[in-house]
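Single-letter residue listing:
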Amino acid sequence: MEQVMIKAQTLIEALPYIQKFNNKKVVVKYGGSAMLDEDLQANVIKDVALLKLIGMKPIIVHGGGKEINRWLEKIGKEAKFIDGLRVTDEETMEVAEMVLNKVNKNLVQMVEQIGVKAVGMCGKDGATMKVEKKMPNGNDIGFVGDIKQVNTGLIDTLIENDFIPVIAPIGIDDNFQTYNINADDAACAVAQAIGAEKLVFLTDIEGVYKDPADKDSLISVLTLDSADDLINDGFIGGGMLPKLKNCIEAVRNGVSRVHILDGRMEHCLLLEFFTNRGIGTAIIDNEGWLENE
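These numbers come from a predicted model, not from an experiment.

> Give me the lowdown on the sheet that holds strand β14 (residues 221–223), citing residues and values where you can.
As summarised here, the arrangement of the 8 strands in space is β5-β8-β2-β1-β11-β15-β16-β14, forming an open sheet in which the pairing is mixed. What marks the edges here is a single partner per strand, and that holds for β5 (118–122) and β14. Shown here is a sheet whose adjacent strand axes are inclined to one another by a mean of 20°, direction ignored. In this structure, strand β1 (residues 25–30) lies alongside strand β11 (residues 198–203), joined through 4 bridges in parallel fashion. Residue pairing across strands places V26 opposite K198, the latter belonging to β11. Packing of helix α7 (residues 224–232) onto the sheet brings it into contact with β14 and β16 (281–284), and relative to β14 it is tilted by some 90°.

> Provide a residue-level description of the packing of α7 against helix α8 (residues 240–252), including the pertinent values.
Helix packing for two helices is described by the angle between their axes and how far apart those axes are. Remark: α7 packs on α8, axes separated minimally by 11 Å, with the N-to-C direction vectors making an angle of 155°. When the axes of α7 and α8 are compared, the pair comes out roughly antiparallel. Every pair of crossing elements has a handedness; the one defined by α7 and α8 is left-handed. Together, L224, A227, D228 and I231 of α7 and L241, L244, K245, I248, V251 and R252 of α8 make up the contact between the two elements. A class-by-class count of the residues in the contact of α7 with α8 yields 7 nonpolar, no polar and 3 charged.

> Outline helix α6 (residues 183–194), supporting the account with residue identities and numerical values.
Here α6 contains 12 residues, and its C-alpha end-to-end distance of 17 Å stays within 8% of the 16 Å for a straight helix at 1.5 Å per residue. The element α6 is largely enclosed, with a buried count of 9 among its 12 residues. For α6, the set of buried residues is A183, D184, A186, A187, C188, A189, V190, A191 and I194. One side-chain oxygen of the residue at the start of α6 lies 3.0 Å from the amide nitrogen of D184, identifying that residue as N182. At the exit of α6 stands G195, carrying a positive phi of roughly 70°.

> Please give an account of the side chain of T178 that cites residues and values.
The topology assignment puts T178 in strand β10 (residues 178–180). There is a polar contact of 3.0 Å between the side chain of T178 and the side chain of K124. Once you skip the residues sitting within four places of it in the chain, T178 turns out to touch M93, E97, K124, F143, I170, G171 and I172.

> Pulling in residues and values, what's your account of a negative patch on the surface?
Residues D37, E38, D39 and E266 make up a contiguous surface patch of negative charge. Summarising the element assignment, D37 is placed in the loop between β1 and α2 (38–53). Accessibility expressed as a relative area gives 35% for D37, which makes it partly exposed.

> With reference to specific residues and values, describe the packing of aromatic side chains.
Considering all chains together, one arrives at 2 aromatic pairs under this definition. The interplanar angle of 40° and the centroid separation of 6.5 Å between the aromatic rings of F21 and F273 together place this pair among those described as tilted. Separated by 252 residues along the polypeptide, F21 in helix α1 (residues 2–21) and F273 in helix α9 (residues 268–274) bring together distant segments of the chain. Each member of the pair, F21 as well as F273, carries the same accessibility label: buried. Pairing F143 with Y179 gives two aromatic rings, centres 5.8 Å apart and planes at 70°, and the pair type is edge-to-face. Separated by 36 residues along the polypeptide, F143 in the loop between β6 (129–133) and β7 (145–150) and Y179 in strand β10 bring together distant segments of the chain. The cationic tip of K117 hangs over the ring face of F163; the distance from NZ or CZ to the ring centre is 4.4 Å. One residue, K133, lies across the ring of F143, its end atom 6.0 Å from the ring centre.

What counts and how
Residues numbered from 1 in each chain as written. Predicted model: local features only at pLDDT ≥ 70, side-chain atom pairs only at ≥ 80, totals over all residues. Heavy atoms only, no water. Pairing = 2+ DSSP bridges. Helix = DSSP H or I, 4+ residues; strand = E, 2+ residues; numbered from the N terminus. Axes fitted to C-alpha atoms, helices over the stretch in contact; angles between N-to-C directions. Contact = heavy atoms within 4.5 Å. Parallel < 35°, antiparallel > 145°, perpendicular 65-115°, else oblique. Left-handed = near helix turned anticlockwise from the far one by under 90°. Nonpolar A, V, L, I, M, F, W, Y, C, P; charged D, E, K, R; others polar. Expected span 1.5 Å × (residues − 1). Buried < 20%, exposed > 50% of the residue type's maximum accessible area, 1.4 Å probe, protein only. Polar contact = N/O pair within 3.5 Å; in protein donor to acceptor, adjacent residues only side chain to side chain. Patch = residues over 30% accessible without salt bridge, like charges linked within 9 Å, V, L, I, M, F, W, Y side chains within 5 Å. Areas by Shrake-Rupley, 256 points an atom, 1.4 Å probe, with all protein chains shown as cover. Salt bridge = Lys/Arg side-chain N within 4 Å of Asp/Glu carboxyl O. Lys, Arg positive; Asp, Glu negative; His and termini not counted. Charge placed at Lys NZ, Arg CZ, Asp CG, Glu CD. Phe/Tyr/Trp six-rings, centres within 6.5 Å; stacked < 30°, edge-to-face > 60°. Lys NZ or Arg CZ within 6 Å of the ring centre and 35° of its normal.

So this is what it looks like as structure tokens:
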């Protein structure tokens, strides 16, 4: 009976959050190690399906970088990166598109096995993601796109018809050339364009640390001003720097709240969304409200 009462209390604790986010759009950027472990993958998909079934409107934007690396290795091609971005020549673009489409349809299949409707797409479908060539610090890194416009028509149509859109980060330019897009960039652009209430990054770290060497320095909530200070004071580096900048940009452009979560933790989405003490790091506007206190 005690276990039953604990379960009941958990459901009651979730009630105000279910009410608050009912009918709200939520973008989940899915990548990292959580995509490689079958059990973690199943848990993430179950979490997203549950969000849908209790009245939220989730959208998945996924990566696939580690899988792309594996296939490049199979054909004897070395993966190269500049400023954290994949150098994408014509052959690499072909492999990336093949792998991302395979990952995309696998995720759709997993969602539908639970009994929730999903549709896989990429930024080429419906000209959803229009890009221009990305030139980081003047470097030509090939077919890597910088998103200049997100057309939400197809995404909106899928949501209105009760589907979960599952989006691969591939776009086209004005000449209909195919480009690879950084998945974090794609998730941010989609979240801003559709007016998402939340944007969640599933990563391979617990969140943002003031001191990465000190696990007790995890920051639960960051305002925009605090996030800017961390960057300007040199506390943030490596792969977290572009991710945090993406988070800041998303909040500044209308996304109410951005979360950085450890995708290796089982049911991290549910723990963040529906418990009084969330996990990971939340980035909010300077005047933002705190829902997980």
